[in-house]
Amino acid sequence: MKAEEYKNIILRVDLTRKNFEREEIDRSKIIKFLGGRGLGAKILFDELEPSTDPLSPANKLIFHAGPMIGTGAPFCPKFCVETKSPLTGTILMSLAGGFFGARLRYSGYDGLIFEGRADEPVYLWINDGQVEFRNASHLLGKFTDACQEMIRKELGGDKQIQIACTGPAGEKAVRFASIISGYRAVGRGGAGVVMASKNLKAIAVSGTRQVPIVQRGAFRELQTAIRKKARGVEKLALFGKFGTPRNQLIVNERGLFPTRNYQGGVFEEINEVSHIKQQERVIRKTTCHDCPVACGNLTKARAPYKDFETEGPEYETFWAFGAQCGNSNIDAIIAADRLCDQFGMDTISTGNSIGFAMECAERGLLSKADLGGLDLKFGNHQAMVEMVRRIGNRQGLGDLLAEGTRRAAEKIGRSSIYFAMQVKGMEIPAYDPRGAKSMALTYSTSPRGGCHERGLISRETFGVPPYIDPLSTEGKGAVAQFYHHRTALMDSLGVCIFPPNNGGMDIKELASLFSCVVGVTLTEQDLFKAAERIWNLERLFNLREGITGKEDTLPPRLLKEPMPDGPAKGHVVELDVLLQDYYQVCNWDKQGVPKPEKLKELGLEEEGKAALR
Amino acid sequence: MTVKFYGHPSQGGGELIEEVEVTPETTVKGVVDLFSSKHQTSLAGSSQSSTPRNLEQTHVVMVNGISVEKIKLSTSTVQEGDKITIFLPISGG
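Residues numbered from 1 in each chain as written. Chains lettered and ligands numbered in written order. Predicted model: local features only at pLDDT ≥ 70, side-chain atom pairs only at ≥ 80, totals over all residues. Heavy atoms only, no water.

**Q** Requested: an account of the overall build of chain A, with residues and values cited.
**A** Check the secondary structure of chain A and you find 27 helices and 17 strands. Taking 613 residues into account, the globule formula puts the C-alpha radius of gyration at 25 Å, and chain A, at 22 Å, falls close to it. The principal-axis extent of the C-alpha atoms belonging to chain A is close to 70 × 55 × 55 Å. Within chain A, buried positions represent 66% of all 613 residues. When contacts within chain A are restricted to residue pairs at least 6 apart in sequence, those whose partners lie at least 24 apart make up 69%. With 81 positive and 75 negative side-chain charges, chain A shows a separation of 1 Å between the mean positions of the two kinds. (Helix = DSSP H or I, 4+ residues; strand = E, 2+ residues; numbered from the N terminus. Rg over C-alpha atoms; globule rule 2.2 N^0.38 Å. Buried < 20%, exposed > 50% of the residue type's maximum accessible area, 1.4 Å probe, protein only. Contact = heavy atoms within 4.5 Å. Lys, Arg positive; Asp, Glu negative; His and termini not counted. Charge placed at Lys NZ, Arg CZ, Asp CG, Glu CD.)

In C-alpha cells, the structure reads:
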C-alpha cells in the first residue's frame with residue numbers, strides 16, 4: 001500500500017475582491033513551526049507590513065488548526081487565530097477548543113488567511129472543499145448564539161456544521177471582542193473586532209475529509225495506548241469532574257487570588273462562588289472534540305438570573321466577575337459570563353475593566369455623571385451585570401471601558417493608570433504575581449500582553465509537584481522559560497494544555513504522535529526547539545513593531561504595594577531581578593533582544609535582520 | 001495536644017474531619033501519615049483510589065493555609081490547634 005503524503009492546505013481569502021485560492025504549506029515549515037500558533041506567527045511575520053493598523057483591511061486574520069487536531073489523538077481540539085491585536089498592538093495568538101478546529105480540517109482546509117475587507121457583511125461557507133461567500137446583513141446585531149443558530153438553519157440544519165462568529169461587541173469595535181464557536185471563545189486580545197472590521201461575520205465549516213497521518217497504523221496503536229493510560233489517571237478524573245473552577249479555592253488559600261482589583265490576594269467570600277456552589281447548578285457535562293476528560297460543565301443560574309445558562313464559567317471568569325469585582329453572587333457570575341459570550345467579549349478583560357472602574361469610582365476618579373446612574377461599587381452584582389451590557393453596547397461608561405483599561409485610564413487621567421491592571425494594554429488575569437514570582441515573568445514577557453495562557457506555571461499557582469517556593473525569585477527565569485516553551489509547542493500542535501499537565505500525555509508521547517502524522521521522526525527536544533523558535537519569532541514581531549523590553553513590565557501596584565494579606569503578605573514583585581535572569585536564560589541581551597547567536601541557532605537570522613534593523 | 005485535620009474543599013468537602021491527638025514532638029509528616037492511614041480514600045481525590053500510599057509525594061500539605069515544602073515535612077513540628085489540610089494539586093485555570 002502506498003504511504004500517505006503529508007499535506008497542509010491553506011485557503012487564502014481576499015475579502016475585498018471576494019476570491020480565494022488554495023495553497024499548500026511545505027512539510028518542512030510544519031516541522032519548523034509545528035502549525036497553529038507557530039505557523040500563524042510565521043505567516044504573520046512574513047506577510048504583515050510593520051505598523052499596520054490592526055483595524056485596517058491590511059491586517060490579516062489567520063485561522064489554523066494544528067496538525068494533531070481531528071486525527072483521533074486525545075486532548076487535541078485547540079485551533080488558533082492569529083492577527084495583530086487592536087488592544088495591544090502586539091502579535092495576537094488566541095485559541096479555542098470545542099469542535100470548530102476539527103471540522104475545519106474535515107472541510108478540506110487546515111487553515112484560512114483572510115485579507116482585505118468585504119464591501120458588505122458576509123459569511124464564508126466551506127463544505128467539503130467548496131467555498132461560498134454568503135450575505136450576512138441579516139445577522140448584524142445578533143447575539144452569537146442566535147447568529148450561529150440562524151446560519152446553521154439556513155445551511156440545512158446539520159448539527160455537524162461548526163460556526164465561528166463575531167457578535168455585537170465586534171461590530172461596535174470593543175477592543176477585546178472575541179470570536180465565539182458554540183460556547184467556546186477565541187477570547188483574548190480582540191480577534192473578534194478584527195474579524196468584524198473585515199465585514200466577515202462568520203465562518204461555517206463542514207465536511208468529511210480524512211486528515212493526513214503518514215504512519216496511520218503506528219499512530220492508532222500509540223493513541224489507543226495513551227487513551228488507555230489516561231483512564232487510570234486520578235488527576236484527570238478529578239479535573240474532569242470539577243474542571244478549572246476547582247482551583248479558585250486553592251489559589252485563594254495560597255494567597256494569590258486577586259481581590260477587588262488586586263487590592264488583596266484573599267477573597268473572604270470565596271465559598272459563595274466556589275466550584276461546590278457551581279456543582280449545585282450544573283445541568284450536564286460538556287466536552288471538546290475527541291477529549292475523554294470532558295471538563296466542561298453546562299451551568300444554569302438561579303433567580304434573579306434564572307434565564308442564563310452557560311458552559312462554564314471557567315476559573316478565570318469566576319474570578320473576573322467574582323473576586324475581581326468583590327462579588328459573591330454566583331448567579332450573577334453565570335449571567336455575566338453568558339452575556340460576554342452573547343455579545344462576543346473576552347470575560348477576563350470585561351471583568352477586569354469593571355473592577356478597575358469600581359475602584360476608580362470608589363476613589364472619586366469617576367463622577368456620578370460618568371457612572372450613568374449606576375452604583376458601581378465592589379460587590380454590587382446588579383451594577384456589574386448591567387455594566388457588561390453597557391460595554392457590549394458601548395453605552396455611557398461602557399464606551400470608555402470598551403477601549404480597555406490602558407486607554408480608559410489615559411482618558412480618565414489623574415492617577416487612574418495606577419489602577420489599570422494591564423500589561424501592554426491587555427488586562428491581567430487571576431493570579432497575583434506578588435505571591436507567584438515566575439508568573440510575573442509570564443505576564444511581563446507574554447508576546448500578546450498580560451496573560452497567563454502563554455505559560456501557566458502550575459508549580460507556583462497550584463502547588464503541582466515538584467515543589468518550588470512561589471515567593472522566591474531564585475531560578476525563576478528557567479522555570480518560566482520551560483513553561484513558555486512547553487505551552488508554545490502544545491498551542492501550535494493543537495493540544496489543550498491541561499490533560500498533559502495532569503498526566504494525560506507527556507511531551508515524548510506527543511512527539512511520537514506528531515512524528516507519525518508528518519512521517520518524520522522527531523523527539524521531545526525537537527518540539528522544544530521548535531517552541532523556542534516560535535517564542536523568539538513572536539518576540540521579533542513585537543520588536544519590529546517597536547514594542548521593546550521596556551514594555552516587559554507590570555502594573556505599578558504589583559511593584560510598589562506590598563500584598564496586604566495571606567501567605568504572600570508583605571511581598572512585591574522584584575521584576576528587574578526576575579527579568580534579567582529570564583533574559584539570560586533565553587540568551588537575550590539586557591534589553592530583552594534575542595542575541596544573534598540565538599537567532600542563528602534557531603534559523604531566524606533573516607527574521608532578526610528584518611526586525612532589528 | 002490536638003491538631004485539626006480538614007478535608008480540603010477542593011476535593012468536594014472542606015469540613016473538619018477529625019481532631020488528632022499528638023505529642024509536641026510530632027512532625028507534620030507524622031500527622032499526615034497517621035491521618036492518611038485512616039482516611040486514604042477521602043484524601044486521595046477520587047473514589048477510585050483506596051490503596052494506601054505515600055500521599056505526601058503527590059499531594060500538597062498545608063499548615064494553617066501555608067504549603068509545607070516536601071523536605072520540611074519531616075523536620076517541622078506541629079503546634080497546638082494547627083489546621084492541617086492536604087489536597088491533590090491539578091493544573092487548570
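Next, the rest of the story.
**Q** Describe the state of the cysteines, with residues and values.
**A** Per the counting criterion, the structure on display carries 0 disulfides over all chains. Of all cysteine sulfurs in the structure, the one in cysteine 291 of chain A sits closest to cysteine 288 of chain A, which takes part in no disulfide; the separation is 6.5 Å. (Disulfide = S-S within 2.5 Å.)

**Q** Provide a residue-level description of the sheet that holds strand E3 (residues 61-65) of chain A, including the pertinent values.
**A** Residue and element names in this part refer to chain A. Pairing within the open sheet is mixed, and its 6 strands lie in the order E2-E1-E6-E3-E4-E5. Where the open sheet ends on each side, the last strands, each with one partner, are strand E2 (19-25) and strand E5 (91-96). When strand polarity is set aside, the average angle formed by the axes of neighbouring strands in this sheet is 20°. Examined bridge by bridge, strand E4 (residues 79-84) and E5 share 6 bridges and lie antiparallel to one another. Looking at the pairing, cysteine 80 lines up with leucine 95 of E5. Those strands touched by helix H2 (residues 36-47) are strand E1 (8-14), E2, E3, E4, E5 and strand E6 (111-115), and its axis lies near 25° from that of E4. (Pairing = 2+ DSSP bridges. Axes fitted to C-alpha atoms, helices over the stretch in contact; angles between N-to-C directions.)

**Q** Describe in detail unusual backbone geometry, supporting the description with residues and values.
**A** All names here are of chain A. Along the chain, glycine 312 connects to proline 313 via a cis peptide bond; the corresponding omega equals -10°. A cis amide bond links proline 465 with the next residue in sequence, proline 466, at an omega value of -5°. By secondary structure assignment, the location of proline 466 is in the loop between helix H19 (458-461) and helix H20 (476-493). Positive phi, close to 70°, is recorded for leucine 34, a residue that is not glycine. With relative accessibility at 1%, the residue leucine 34 sits in the buried group. With a phi angle near 50°, aspartate 128 is a residue other than glycine that sits in the positive phi range. Along the chain, aspartate 128 falls in the loop between strand E7 (122-127) and strand E8 (130-135). Assessed through its relative accessible area of 42%, aspartate 128 is described here as partly exposed.

**Q** Kindly report on the pairing of E6 of chain A, identifying the contributing residues and their values.
**A** All names here are of chain A. The element E6 is extensively covered by neighbouring structure, given that 5 of its 5 residues are classed as buried. Side chains Gly111, Ile113 and Glu115 of E6 all project onto a buried face; the interleaved residues Leu112 and Phe114 project onto the opposite face, where all are buried too. Bridge count for E3 against E6 is 4 bridges, and the pairing is antiparallel. Within E6, the residue paired with isoleucine 62 across the bridge is isoleucine 113.

**Q** Talk me through helix H27 (residues 605-612) of chain A; I want residue IDs and the actual numbers.
**A** Residues and elements named next belong to chain A. Taken residue by residue, H27 has Glu607, Gly608 and Ala611 as its buried positions. Here the buried residues of H27 occupy an arc of 100° about the axis, which is enough to place them on one side. Exposed and oriented more than 90 degrees from the buried face of H27 are Glu606 and Lys609. (Arc of directions from axis to C-beta.)

**Q** Report on helix H4 (residues 144-154) of chain A, specifying residues and quantitative values.
**A** Residue and element names in this part refer to chain A. Among the residues making up H4, those that are buried are Thr144, Cys147, Gln148 and Ile151. All buried residues of H4 project into a common sector of 95° when viewed along the axis, lining one side. Opposite the packed face of H4, turned more than 90 degrees from it, sit the exposed residues Glu149 and Lys153. Buried residues in H4 make contact with E7, strand E9 (162-165), strand E10 (179-181), strand E12 (200-206) and helix H12 (330-343). Of the residues trailing H4, glycine 156 is marked for its positive phi of about 110°.

**Q** Could you give an account of the nonpolar core, naming the residues involved and the relevant values?
**A** Counting 196 residues, the largest nonpolar core has Phe63, Met68, Phe114, Ile354 and Leu510 of chain A as the members making the most contacts within it. The element best represented in this core is helix H23 (residues 524-544) of chain A, accounting for 10 residues. Residues Val20, Val31, Val32 and Ile84 of chain B belong to the second largest nonpolar core, which totals 15 residues. (Core = buried A, V, L, I, M, F, W, Y, C linked by side-chain atoms within 4.5 Å.)

**Q** Could you give me a rundown of the sheet that holds strand E13 (residues 282-286) of chain A, with the residues and numbers involved?
**A** Residue and element names in this part refer to chain A. Taken in spatial order, the 3 strands make up an open sheet running E13-E14-E15, and their pairing is antiparallel. Pairing within the sheet leaves two strands with one partner each, and these edge strands are E13 and strand E15 (309-311). Going across the sheet, the axis of each strand differs from the next one's by a mean of 15°, ignoring polarity. When strand E14 (residues 296-300) meets E15, the two strands line up antiparallel, connected through 3 bridges. For leucine 298, the partnering residue across the bridge sits in E15 and is glutamate 311. Lying on the sheet, H12 is in contact with E14 and E15; it crosses E15 at an angle near 70°.

**Q** Lay out the pattern of salt bridges with the relevant residues and their values.
**A** Note that side chains of opposite charge can pair when their charged atoms are close. Residues and elements named next belong to chain A. Counted according to the given criterion, the structure contains 48 salt bridges over all chains. With its nearest N and O atoms 2.7 Å apart, the salt bridge here joins glutamate 532 to lysine 598. With glutamate 532 in helix H23 and lysine 598 in helix H26 (residues 596-602), this pair connects stretches of sequence that are 66 residues apart. Note on accessibility: glutamate 532 and lysine 598 belong to one class, buried. Between glutamate 606 and lysine 609 there is a salt bridge, and its shortest N-O distance comes to 3.4 Å. (Salt bridge = Lys/Arg side-chain N within 4 Å of Asp/Glu carboxyl O.)

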